[in-house]
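Take a look at the letters that make up each chain.
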Amino acid sequence: MVSMSLVHNAPFEINQLLLELKSSGYVTQEQVATTLLKAKHAKKHNQFSVHPITLVSKAGLRIVNAPHQAIDEEWLTQWLAERLALAYFKINPLQIDVKTVTQVMSFAFAKRHGILAVAVDDQAITIATSSPRVTHWMSGIKQTTRKSIRLVMSSPNSIERYTKEFYKIQKSVFGATEVANEHSNINNLEQLVSVGVEAEELDANDQHIVKIVDWLLQYAFEQRASDIHIEPRREWGRLRFRIDGVLHTVYQFPPVITAAVLARMKILARMDVAEKRRPLDGRIKTQMPDSSEVELRISTLPTAFGEKLVARIFDPSILVKDFLSLGLSVNEEEQWRQLIGAPTGIVLLTGPTGSGKTTTLYTSLKQMATSEVNVCTIEDPIEMIEANFNQMQVQTDIGLSFAQGVRALLRQDPDIIMVGEIRDRETADMAIQAALTGHLVISSLHTNDAASAMTRLVELGVPNYLINATLIGVMAQRLVRVLCDHCKRETSLCDEKWLALTSGFKSKKPKKIYEAVGCDHCRQTGFKGRVGLYELLRVSDEIRDCIAKSNSYREIRHIAINEGMCLLRLSGARKVAKGITTIEEVLRVVPCSPVNH
């Protein structure tokens with residue numbers, strides 16, 4: 001039911017909005033009076049008109065009978081949309097075709113009327129507004145587009161912000177395309193040579209390209225992306241972000257713009273722009289408006305339609321995280337601290353690419369790197385620069401491999417050596433040599449679980465007796481998505497799924513579990529952020545005996561479980577029971593083959 005009087009083409013008044021809140025029982029008369037005074041004062045000192053929703057939201061009001069709920073701009077917009085029988089729309093830039101929506105109307109028109117097109121189909125255009133009673137602009141759009149208009153309500157600040165962002169990026173793309181069309185006769189990336197004509201590429205330092213790359217980086221940081229993918233195609237270049245482990249398409253550029261954006265990224269990373277035939281690596285260090293620094297590791301790869309670029313974003317907050325925030329339990333944290341606190345030996349982290357090994361390594365090293373110890377690393381490439389470490393990068397072109405790097409580090413009086421990855425027999429031998437000579441070595445290995453680390457070392461050619469003499473512990477890990485606190489919903493427990501997760505083990509069923517729903521806070525995915533699952537194996541005397549006799553994977557695993565090792569899937573089951581994630585999410589990332597023990 002629409003309770004507010006809908007006066008055609010009349011904007012909202014703040015007093016009317018406050019009275020509606022009061023009549024609904026959300027605020028008191030005293031709060032109304034105080035807010036009106038604040039609004040009057042704000043108008044006096046602001047030469048621009050401020051939307052009533054914004055004015056009320058800035059008053060810091062809370063619902064009378066639910067003080068935990070602030071009357072902020074999004075809540076107020078959603079409540080008002082319901083009162084006016086309109087659909088509430090939270091603008092999610094990842095789900096909007098910027099090129100299409102910016103063609104509906106000009107920037108000046110959108111800004112003047114406080115509206116923004118958010119979706120276009122064959123029959124209708126969806127337009128977001130924060131003043132739904134002002135509709136005199138509709139006739140012009142209907143006439144030019146020959147389509148009906150579907151009106152939705154969004155907060156004034158989000159409309160203003162994304163109107164600027166969408167039109168700014170589209171203007172830069174259009175401007176860069178115009179420049180490219182003037183100077184280049186290349187139709188697509190397959191036509192690499194135009195015989196007899198000197199073709200020019202779009203300058204990577206062109207102001208439009210600079211703006212596009214600046215927007216791209218800021219947007220990626222804001223959306224919590226872990227990776228940026230720039231992928232050339234025949235007709236369009238694709239920009240994608242990986243967020244919480246899942247790729248999202250963000251934008252499509254013309255091929256010539258894709259090439260120029262990629263070249264700009266290579267310039268920033270101090271890479272050879274002219275070299276397009278072989279893979280290259282580089283890094284970019286950026287400074288945000290709040291003075292925080294974010295590092296990106298850049299990698300290029302030649303493909304059929306040109307170079308593909310992936311930029312991995314490293315959150316600087318990783319270096320100040322503690323183990324509990326990574327997902328380790330109190331008991332796992334205690335055991336892990338004991339392992340990395342050992343004076344000598346080898347500690348291994350295992351898991352596939354993207355399982356969070358780098359984060360755990362850097363978090364561990366950061367806490368170990370005190371003024372009393374010398375921490376040295378050999379990496380390929382260096383993931384993040386940290387002043388408390390002595391970091392060296394593998395350079396195969398000059399013969400500096402992991403093994404050669406460890407050999408050099410042994411002459412640098414190290415206490416702790418971090419080897420980025422044990423890939424071959426030579427690196428494994430040098431890591432063992434370092435451990436035998438009285439150093440603590442931490443490294444990573446690609447195996448499915450903790451117990452298979454020993455068999456993997458044997459496959460690389462390391463003798464059993466050397467594994468026994470040096471290996472003190474292995475931790476396997478995975479990353480699972482965390483349920484969004486704003487929308488997760490309690491659901492009934494499916495016995496079959498729980499048995500699949502805990503098969504072969506006695507595990508108490510949780511009283512309640514949650515499922516992913518999806519809301520505006522989590523981009524309709526139901527998940528926000530990721531957390532680690534861990535499987536920690538300490539090499540006991542019984543396990544050493546097993547390694548010496550048979551090195552049987554099943555026997556090692558059986559002994560470790562009997563000694564209290566929590567398997568990855570049981571770690572996942574505990575997080576399901578705590579309402580952190582779902583059974584489906586754990587089953588997606590953890591190998592769950594039955595094990596006899």
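Bear in mind that the values here come from a model prediction, so they are computed numbers and not experimental data.

Observations regarding the overall build of the protein chain
Now for step 1: Helix and strand counts for the protein chain come out as 22 helices and 21 strands.
Now for step 2: Relative to its 597 residues, the protein chain shows a buried fraction of 51%.
Now for step 3: If you take every contact in the protein chain between residues at least 6 apart in sequence, the share linking residues at least 24 apart comes to 65%.
Now for step 4: Entry remark: accessible area of the protein chain is about 29000 Å², with carbon and sulfur atoms responsible for 50%.

Some thoughts on the pairing of strand β9 (residues 246–253)
Now for step 1: Summarising the sheet, strand β8 (residues 237–243) and β9 pair through seven bridges and their orientation is antiparallel. What sits directly across from Ile243, in β9, is Val246.
Now for step 2: Linking two consecutive strands that pair antiparallel, namely β8 and β9, is a turn of two residues; a positive phi of about 55° is found at Asp244 within it.

Things to note about the confidence of the model for the protein chain
Now for step 1: In this model, the protein chain carries a mean pLDDT of 85, and residues with pLDDT of at least 70 account for 90%.
Now for step 2: Of all helices and strands in the protein chain, the one with the weakest mean pLDDT is helix α2 (residues 29–44) (78), whereas strand β13 (residues 345–350) scores best (96).
Now for step 3: This model gives residues 184–200 a pLDDT under 50, and the stretch forms 14 contacts once residues within four places in sequence are excluded.

Comments concerning the pattern of salt bridges
Now for step 1: In the structure shown here, the tally under the stated rule is 25 salt bridges.
Now for step 2: Between Arg240 and Glu231 there is a salt bridge, and its shortest N-O distance comes to 2.8 Å.
Now for step 3: A relative accessible area of 3% places Glu231 in the buried class.
Now for step 4: Its salt-bridge partner being Glu459, residue Arg456 comes within 3.6 Å of it at the nearest N-O pair. With Arg456 and Glu459 both in helix α16 (residues 452–459) and three residues apart, this pair spans about one turn of that helix.
Now for step 5: According to the relative accessible area criterion, Arg456 is partly exposed, its value standing at 28%.
Now for step 6: A single salt-bridge network, built from bridges that share partners, covers Arg161, Glu165 and Glu222.

Considering the sheet that holds strand β11 (residues 293–303)
Now for step 1: Across the sheet, which stays open at both edges, the six strands sit in the order β9-β8-β7-β12-β11-β10 with antiparallel pairing between neighbours. Two strands close off the open sheet at either side, each with one partner strand: β9 and β10 (280–287). Strand-to-strand twist in this sheet, taken as the mean axis angle between neighbours without regard to direction, amounts to 20°.
Now for step 2: Two elements, strand β7 (residues 227–231) and strand β12 (residues 306–314), share four bridges in a ladder whose sense is antiparallel. By the bridge assignment, Ile230 is partnered in β12 with Leu309.
Now for step 3: Across the sheet, helix α10 (residues 255–268) is in contact with β7, β8, β9, β10, β11 and β12; its angle to β12 comes to roughly 50°.

Digging into the pairing of β12
Residues in a regular strand project their side chains so that they alternate between the two faces of the sheet.
Now for step 1: With seven of nine residues buried, β12 lies mostly within the body of the structure.
Now for step 2: Strand direction decides the pairing type here: β11 and β12, joined by nine bridges, are antiparallel. Across the sheet, residue Arg297 finds its bridge partner in β12, namely Arg312.
Now for step 3: Counting the residues in the hairpin turn of β11 and β12 gives two residues.

Regarding helix α21 (residues 568–577)
An α-helical turn contains 3.6 residues, so any two residues separated by three or four positions project in the same direction.
Now for step 1: The element α21 is largely enclosed, with a buried count of eight among its 10 residues.
Now for step 2: Leu568, Arg569, Leu570, Ser571, Gly572, Ala573, Lys575 and Val576 are the residues of α21 that are buried.
Now for step 3: On the buried face of α21, the contacting elements are α12 (330–340), β18 (471–483), α18 (495–502), β20 (513–515), β21 (527–538) and α22 (583–589).
Now for step 4: Phi turns positive, to about 80°, at Gly579, one or two residues after α21.

Let's talk about the nonpolar core
Now for step 1: Met105, Ile141, Ile228, Leu239 and Phe241 are the most contacted members of the largest nonpolar core, which has 63 residues in total.
Now for step 2: No other element matches the nine residues that helix α9 (residues 207–222) contributes to this core.
Now for step 3: Apart from residues no more than four positions distant in its own chain, Leu239 is found in contact with Trp215, Leu216, Ile228, His229, Ile230, His248, Thr249, Val250, Tyr251 and Phe253.
Now for step 4: By size, the runner-up hydrophobic cluster in this structure holds 60 residues, among which are Cys376, Ile378, Phe402 and Ala428.

As for empty space enclosed by the protein
Now for step 1: Summed over the entire model, instances satisfying the criterion amount to one cavity of 30 Å³ or more.
Now for step 2: Size it by volume and the largest cavity reaches roughly 60 Å³.
Now for step 3: Looking at the largest cavity, the residues that line it are Ile346, Leu348, Ile422, Ala428, Ile432, Leu457, Ile467, Thr470 and Leu471.
Now for step 4: Counting only elements with at least two residues in the lining of the largest cavity, the list comes to β13, α15 (425–436) and α17 (464–470).

Rules used throughout
- Residues numbered from 1 in each chain as written.
- Predicted model: local features only at pLDDT ≥ 70, side-chain atom pairs only at ≥ 80, totals over all residues.
- Heavy atoms only, no water.
- Helix = DSSP H or I, 4+ residues; strand = E, 2+ residues; numbered from the N terminus.
- Buried < 20%, exposed > 50% of the residue type's maximum accessible area, 1.4 Å probe, protein only.
- Contact = heavy atoms within 4.5 Å.
- Areas by Shrake-Rupley, 256 points an atom, 1.4 Å probe, with all protein chains shown as cover.
- Pairing = 2+ DSSP bridges.
- pLDDT = per-residue confidence, 0-100.
- Salt bridge = Lys/Arg side-chain N within 4 Å of Asp/Glu carboxyl O.
- Axes fitted to C-alpha atoms, helices over the stretch in contact; angles between N-to-C directions.
- Core = buried A, V, L, I, M, F, W, Y, C linked by side-chain atoms within 4.5 Å.
- 1 Å grid on protein atoms, 1.4 Å probe; cavity = no way out; pocket = protein on both sides within 12 Å on 5 of 7 lines; lining within 4 Å.
- Points joined across faces, edges and corners; volume = space filled by probe spheres on them.

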